[in-house]
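In case you want the letters, here they are:
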Amino acid sequence: MSGYDRALSIFSPDGHIFQVEYALEAVKRGTCSVGIKGEDCVVLGCERRSTLKLQDTRITPSKISKIDNHIILSFSGLNADSRILIEKARIEAQSHKLTLEDPVSIEYLTRYIAGVQQRYTQSGGVRPFGVSTLIAGFDPNDNKPRLYQTEPSGIYSSWTAQTIGRNSKTVREFLENNYNKDEPPKNKEECIKLTVKSLLEVVQTGAKNIEITVVRPNNDIITLDNDEIDKYVQEIEQEKKQQQEEDKKKKKPSST
Amino acid sequence: MDIILGIKVKDSVILATSKAVTRGISVLKDDDDKSRELSTHTLMTFTGEAGDTVQFAEYIQANIQLHDIRENYELSPNAVSSFVRQELAKSLRTRKPFQVNVLIGGYDIKTESPELYQIDYLGTKVSLPYAAHGYSGFYTFSLLDHHYRSDMTTEDGLKLLKLCIEELERRMPVDFKGVIVKIVDKEGIRVVDDL
Amino acid sequence: MGSRRYDSRTTIFSPEGRLYQVEYALESISHAGTAIGIMAEDGIVLAAERKVTSTLLEQDTSTEKLYKLNDNITVAVAGLTADAEILINTARVFAQNYLQTYNEDIPVEVLVRKLSDIKQGYTQHGGLRPFGVSFIYAGYDERLGYQLFTSNPSGNYTGWKAISVGANTSAAQTLLQMEFKDDIKLEGAIELALKTLSKTTDSSALTYDRVEFATIKKGENNKVYQKIYKPEEIKQLLSKAGITKKSEDGEDTAMN
């Protein structure tokens with residue numbers, strides 16, 4: 001670290017590009033986002049930074065955005081940086097439709113966003129985006145759920161379930177233990193429930209700090225309101241309680 | 001020789017465009033749709049230089065749709081028409097302006113009122129109860145002047161439109177291959193199957 | 001001193017993924033005169049405290065903390081006034097351009113986002129320092145009615161019901177949290193704003209020449225209008241809220 005992390009797009013002798021690595025740190029400082037594929041849907045969920053009492057949730061920007069009628073995006077990292085990426089992505093989506101008739105495929109858009117992020121790691125006088133994104137949707141006339149991730153370096157990858165941001169390690173472990181690749185959540189409700197459950201691993205304050213948006217084929221995008229999320233939270237807590245009680249019962253006879 | 005008509009009635013706007021695409025002395029196509037949906041409640045019909053028309057309409061469409069996704073909110077028909085007018089006015093002052101005339105029919109969900117605007121390639125925008133571009137006005141304005149009432153129902157509006165089309169079929173020297181009719185109201189945009 | 005290497009340029013992440021220049025800009029704002037915004041059911045109040053440097057300074061001629069952006073939006077500034085004026089100019093031009101294009105007033109959030117995007121740009125592109133200003137925007141539009149936003153040097157923006165920026169914000173925010181009611185009326189909001197300001201001020205007493213004050217509300221025929229108060233009117237407000245008198249008492253006790 002002797003000056004090689006100052007000029008932006010420069011390798012250090014041992015092959016690191018420090019600014020990109022530091023940008024990843026910025027991502028880790030951002031609130032957590034989760035994406036989960038169901039059989040016929042993809043759910044994006046994220047932790048909303050502690051809403052203060054006097055915050056106006058009606059007009060505070062959401063962390064899940066619509067890019068086109070069939071694509072949604074969630075991010076972790078610097079809020080302001082994400083807006084720039086989202087704006088570029090939205091313009092590309094419309095521009096693509098204008099020149100080619102067809103809406104963008106999810107992979108195309110992911111590749112585009114990753115490309116923008118890459119450019120900012122190799123151009124003069126700019127720092128990389130301090131943002132990782134999860135991109136979800138269905139290609140036009142297609143029923144296959146898609147979920148991708150992009151990173152500050154410009155790498156992108158496809159996932160069945162993925163999480164980014166603060167505490168993502170905990171959430172990923174949860175997902176690895178609770179998501180069966182061969183048997184993805186059968187429907188919207190199950191998929192939302194798993195998303196909420198995974199977020200509850202790191203969100204202590206319940207529904208009011210969770211955002212959920214579901215995308216399904218044919219431009220069907222639904223954002224859940226607070227009450228709807230709360231229903232899932234209650235249900236999950238109920239189940240946890242039952243589980244605990246059952247565990248207790250089991251323990252008792254064995255101990256006596 | 002394109003037909004492009006619009007009638008604003010009590011709860012909706014009716015827009016009609018001819019289906020023929022002609023070039024020189026030939027009809028190339030008889031099922032052309034000279035309209036584009038700009039948003040859920042705003043429809044634009046157009047006529048003018050071949051090529052310019054679709055290029056301009058789809059450019060406007062992309063921009064309005066970009067706005068709606070970005071803001072998660074539909075622009076009012078008045079705002080859309082102002083935007084279109086400005087684009088034409090800007091284009092007029094370039095080396096090769098778009099030669100496009102349009103009608104914009106929309107339903108303002110906020111004020112719950114239908115709106116109809118006529119905009120020409122010079123950037124003149126007028127809000128009108130009924131409107132046309134090109135020749136079709138010459139044949140139909142007498143009928144519209146006589147029968148039009150601002151509190152007409154959509155059904156009566158369609159009847160009036162039918163009179164206009166019949167007149168056009170009777171008097172126009174060329175075959176315009178009939179019209180596509182669309183209605184914009186609070187439910188959105190729909191096509192009228194048989195007039 | 002470990003941070004020295006990263007704070008000289010705005011475009012650089014520190015190893016922990018932080019942007020020091022932005023944090024320093026935020027720090028500088030926390031020393032600026034306090035500004036408060038409170039959204040009532042029937043209007044919005046903005047109040048700001050300015051630092052009086054000399055008694056010889058002409059006070060009546062201009063405001064330095066409150067600016068109209070267009071017919072529906074006023075901002076309060078905390079931070080470098082010179083930086084603020086650049087953004088305010090841009091905002092005014094942008095708002096008028098919007099009006100010219102759409103024949104409708106610019107929605108509040110669109111303008112807030114525009115300014116925030118400019119601020120973001122200064123944290124990512126080379127050779128620039130961030131804007132040293134936070135704003136409180138008070139505005140009205142047809143879609144969402146009255147709205148209150150803040151934006152800061154990072155380019156983040158948030159919606160609020162009541163908020164303060166600048167010096168002593170945490171104290172002010174605690175007071176606002178205790179006193180604010182969702183059904184507060186403009187009259188109450190005016191009083192609350194002044195009281196909060198007088199309780200958190202660094203100087204011994206809140207006098208009319210230290211305060212700038214503005215309201216946005218609907219007048220006759222439902223038209224929105226904004227008012228930036230004149231020194232005389234502020235004098236009246238202060239005595240009406242019982243602050244002028246109270247502060248004299250305060251001085252007495254201080255002398256005892």
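In this convention, every chain numbers its residues from 1, walking through the sequence in written order. All chains are assigned letters beginning with A, and all ligands numbers beginning with 1, in the order in which they are written. Thresholds applied to this predicted model are a pLDDT of at least 70 for local features of residues and 80 or more for the giving and counting of side-chain atom pairs; totals over whole chains, interfaces and linings are not thresholded and use all residues. With hydrogens and water set aside, each side-chain value is computed from the structure's full complement of heavy atoms.

An unreviewed UniProt entry annotates chain C as Proteasome alpha-type subunits domain-containing protein of Tetrapisispora phaffii.

Under an unreviewed UniProt entry, chain B has the name Proteasome subunit beta and belongs to Tetrapisispora phaffii. UniProt positions are given in the numbering used here, feature names are shortened, and annotations may be inferred rather than shown by experiment. Within the UniProt record for chain B, the comment given under Function (unreviewed entry) is "Component of the proteasome, a multicatalytic proteinase complex which is characterized by its ability to cleave peptides with Arg, Phe, Tyr, Leu, and Glu adjacent to the leaving group at neutral or slightly basic pH. The proteasome has an ATP-dependent proteolytic activity."

1. Concerning the overall build of chain B
Scanning chain B for helices and strands turns up four helices and twelve strands. Over its C-alpha trace chain B gives a radius of gyration of 16 Å, about what one expects of a compact globule, namely 16 Å for 195 residues. For chain B, the spread of C-alpha atoms along the three principal axes comes to 45 × 40 × 25 Å. Counting over 195 residues, chain B shows a buried share of 54%. For this analysis, residues touch if any pair of their heavy atoms sits within 4.5 Å. Contacts in chain B between residues at least 24 apart in sequence constitute 61% of all its contacts with a sequence separation of at least 6. Each accessible area is a Shrake-Rupley estimate made with a 1.4 Å probe; only the visible protein chains count as cover when residues are assessed. In the form shown here, chain B has an accessible surface area of approximately 9400 Å², with 47% of it arising from carbon and sulfur atoms. Going along the chain from the N terminus, every DSSP run of H or I of four or more residues is numbered as a helix, and every run of E of two or more is numbered as a strand. Atoms counted for the radius of gyration: C-alpha only. Globule rule: 2.2 Å times the number of residues to the power 0.38. Categorising residues by exposure relies on relative accessible area from a 1.4 Å probe, with only protein chains included: less than 20% of the type maximum marks a residue as buried, more than 50% marks it as exposed, and the intermediate range marks it as partly exposed.

2. Quick word on the overall build of chain C
When you go through chain C residue by residue, the secondary structure sums to eight helices and ten strands. For chain C, the residues scored as buried account for 52% of the 256 residues in total. Looking at chain C alone, contacts between residues at least 24 apart form 61% of all its contacts between residues at least 6 apart. Total accessible area on chain C is roughly 11700 Å²; 49% of this is exposed by carbon and sulfur atoms.

3. What to know about unusual backbone geometry
Residues and elements named next belong to chain C. The phi dihedral of Asn168 is positive, around 55°, even though this residue is not glycine. On the secondary structure map, Asn168 appears in the loop between strand S8 (162-165) and helix H5 (169-179). Looking at Asn168, the relative accessible area reads 28%, which means it is partly exposed. Positive phi outside glycine occurs at Asn222, with the angle close to 60°. On the secondary structure map, Asn222 appears in the loop between strand S9 (211-218) and strand S10 (224-228).

4. Thoughts on the interface of chain A and chain B
In this complex, chain A contributes eleven residues to the contact, which on the side of chain B involves seven residues. Between chain A and chain B, a total of about 780 Å² is buried, with carbon and sulfur atoms accounting for 59% of that surface. Here the quantity called buried area is the accessible surface, traced with a 1.4 Å probe, that two parts lose on coming together, added over both. When the buried surface of chain A facing chain B is broken down by residue, Arg90(A), Gln94(A) and Leu98(A) rank first, second and third, together holding 60% of it. Salt bridges are defined by distance alone: a side-chain nitrogen of Lys or Arg within 4 Å of a carboxyl oxygen of Asp or Glu. Our count for the chain A to chain B interface comes out at one salt bridge. Polar contact is defined as a pair of N or O atoms within 3.5 Å, subject to the rule that within protein one atom must be able to donate a hydrogen and the other to accept it, and that residues adjacent in sequence are counted only when both atoms are side-chain atoms. Counting every contact that joins chain A to chain B gives one residue pair in polar contact (both at pLDDT 80 or more). Ranked by residues supplied to the side of chain A that touches chain B, first place goes to helix H2 (residues 79-100) of chain A with six residues.

5. Points about the sheet that holds strand S2 (residues 43-49) of chain C
Residue and element names in this part refer to chain C. Taken together, five strands build an open sheet; the order of strands is S8-S1-S2-S9-S10 and the sheet is antiparallel. Each edge of the sheet is formed by a strand with only one pairing partner; in this case those strands are S8 and S10. Averaged over neighbouring strand pairs, the angle between their axes works out to 10° when direction is ignored. Contacts from H5 reach strand S1 (35-40) and S8, with the element oriented near 165° to S8. Orientation is described by axes fitted as lines to C-alpha atoms, over the contacting stretch for helices, and by angles from 0 to 180 degrees between their N-to-C directions. Contacting S9 and S10, helix H7 (residues 231-240) runs over the sheet at an angle of about 90° to S9. DSSP bridges decide pairing: two strands pair if at least two such bridges lie between them.

6. Side note on the side chain of His133(B)
Residues and elements named next belong to chain B. Here His133 lies in the loop between strand S10 (130-132) and helix H3 (136-147). Side-chain polar atoms of His133 contact the backbone oxygen of Val102, separated by 2.8 Å. Polar contacts involving the side chain of His133 include one to the main-chain carbonyl oxygen of Ile119, which spans 3.3 Å. When near neighbours in sequence (up to four residues on either side) are disregarded, His133 contacts Asp2, Ile4, Thr47, Asn101, Val102, Leu103, Gln118, Ile119 and Asp120.

7. Topic: a negative patch on the surface
Patch definition: residues with relative accessible area over 30% and no salt bridge; like charges joined within 9 Å; nonpolar side chains (Val, Leu, Ile, Met, Phe, Trp, Tyr) joined within 5 Å. The charge count treats Lys and Arg as positive and Asp and Glu as negative. His and the chain ends do not count. Each charge is placed at NZ for Lys, CZ for Arg, CG for Asp and CD for Glu. On the surface, a cluster of negative charge is contributed by Asp225(A), Asp227(A), Glu228(A), Asp230(A) and Glu237(A). Checked against the element boundaries, Asp230(A) lands in helix H6 (residues 226-255).

8. Notes on the sheet that holds strand S7 (residues 156-158) of chain A
Residues and elements named next belong to chain A. Within the open sheet, the five strands sit side by side as S3-S4-S5-S6-S7. Their pairing is antiparallel. What marks the edges here is a single partner per strand, and that holds for strand S3 (64-68) and S7. Adjacent strand axes in the sheet meet at a mean angle of 25° when their direction is disregarded. By the bridge criterion, seven bridges tie strand S4 (residues 71-77) to strand S5 (residues 131-138) in an arrangement that is antiparallel. Within S5, the position partnered with Ile72 by the bridge is Ala136. Its contacts with the sheet place H2 against S3, S4 and S5, and it is angled at close to 20° to S3.

9. Considerations on the nonpolar core
By nonpolar core is meant a set of buried Ala, Val, Leu, Ile, Met, Phe, Trp, Tyr and Cys residues that side-chain atoms within 4.5 Å join together. The biggest cluster of nonpolar side chains holds 43 residues, and the ones touching the most others in it are Met44(B), Val84(B), Val102(B) and Phe135(C). It is helix H3 (residues 81-102) of chain C that provides the largest number of residues to this core, a total of seven residues. Beyond its immediate sequence surroundings of up to four residues, Phe135(C) is in contact with Val75(C), Ala76(C), Val77(C), Ala84(C), Leu87(C), Ile88(C), Leu115(C), Lys119(C), Phe149(C), Thr150(C) and Ser151(C). If you look at the next biggest cluster of nonpolar residues, it comprises 27 residues, including Ile212(A), Val214(A), Ile229(A) and Tyr232(A).

10. Description of the pattern of salt bridges
Enumeration over the complete set of coordinates arrives at 37 salt bridges over all chains. Arg58(A) is the salt-bridge partner of Asp56(A), the closest N and O atoms lying 3.1 Å from each other. A relative accessible area of 44% places Arg58(A) in the partly exposed class. Note that Asp31(B) and Lys29(B) form a salt bridge whose closest N and O atoms lie 3.3 Å from each other. One salt-bridge network, held together by shared partners, links Lys29(B), Asp31(B), Asp32(B) and Lys34(B).

11. Here's the deal with the state of the cysteines
Residue and element names in this part refer to chain A. Only a pair of cysteine sulfur atoms within 2.5 Å qualifies as a disulfide here. A full pass over the atoms with the stated rule returns zero disulfides over all chains. We note that Cys41 lacks a disulfide partner, and the nearest cysteine sulfur, in Cys191, lies 4.0 Å from it. Classification of Cys191 as buried rests on a relative accessible area of 0%.

12. Remarks on the interface of chain C and chain A
The parts lose accessible area when they come together, and the size of an interface is often stated as this lost area. Counting from both sides, the interface comprises 40 residues of chain C and, opposite them, 33 residues of chain A. Contact between chain C and chain A buries roughly 3100 Å² in total, counting both sides, with carbon and sulfur atoms accounting for 55%. Taken together, chain C and chain A are joined by one salt bridge. The shortest N-O distance in the salt bridge between Arg83(A) and Asp117(C) comes to 2.9 Å. At the boundary of chain C with chain A, the tally comes to 13 residue pairs in polar contact (both at pLDDT 80 or more). Elements with a contribution of two residues or more to the side of chain C that touches chain A: helix H1 (4-7), helix H4 (108-124), strand S6 (145-151), strand S7 (157-159) and H5 of chain C.

13. Details of the packing of aromatic side chains
The relative placement of two aromatic rings is captured by the distance of their centres and the angle of their planes. Between the rings of Phe, Tyr and Trp (Trp by its six-membered ring), a pair exists once the centres lie within 6.5 Å; its type follows the angle of the planes, with under 30 degrees stacked, over 60 edge-to-face, and the other angles tilted. Scanning the entire structure with this criterion turns up 14 aromatic pairs over all chains. Centroid distance Tyr122(C) to Phe131(C): 4.6 Å. Interplanar angle 45°. Geometry classified as tilted. Since its relative accessible area comes to 29%, Tyr122(C) is described here as partly exposed. Summarising the aromatic geometry, the rings of Tyr140(C) and Tyr146(C) are spaced 5.0 Å apart at their centres and angled 65° between planes, so their arrangement reads as edge-to-face. Looking at Tyr146(C), the relative accessible area reads 11%, which means it is buried. Ring pairing ties together the aromatic residues Phe83(B), Tyr98(C) and Tyr102(C), which thus form one cluster.

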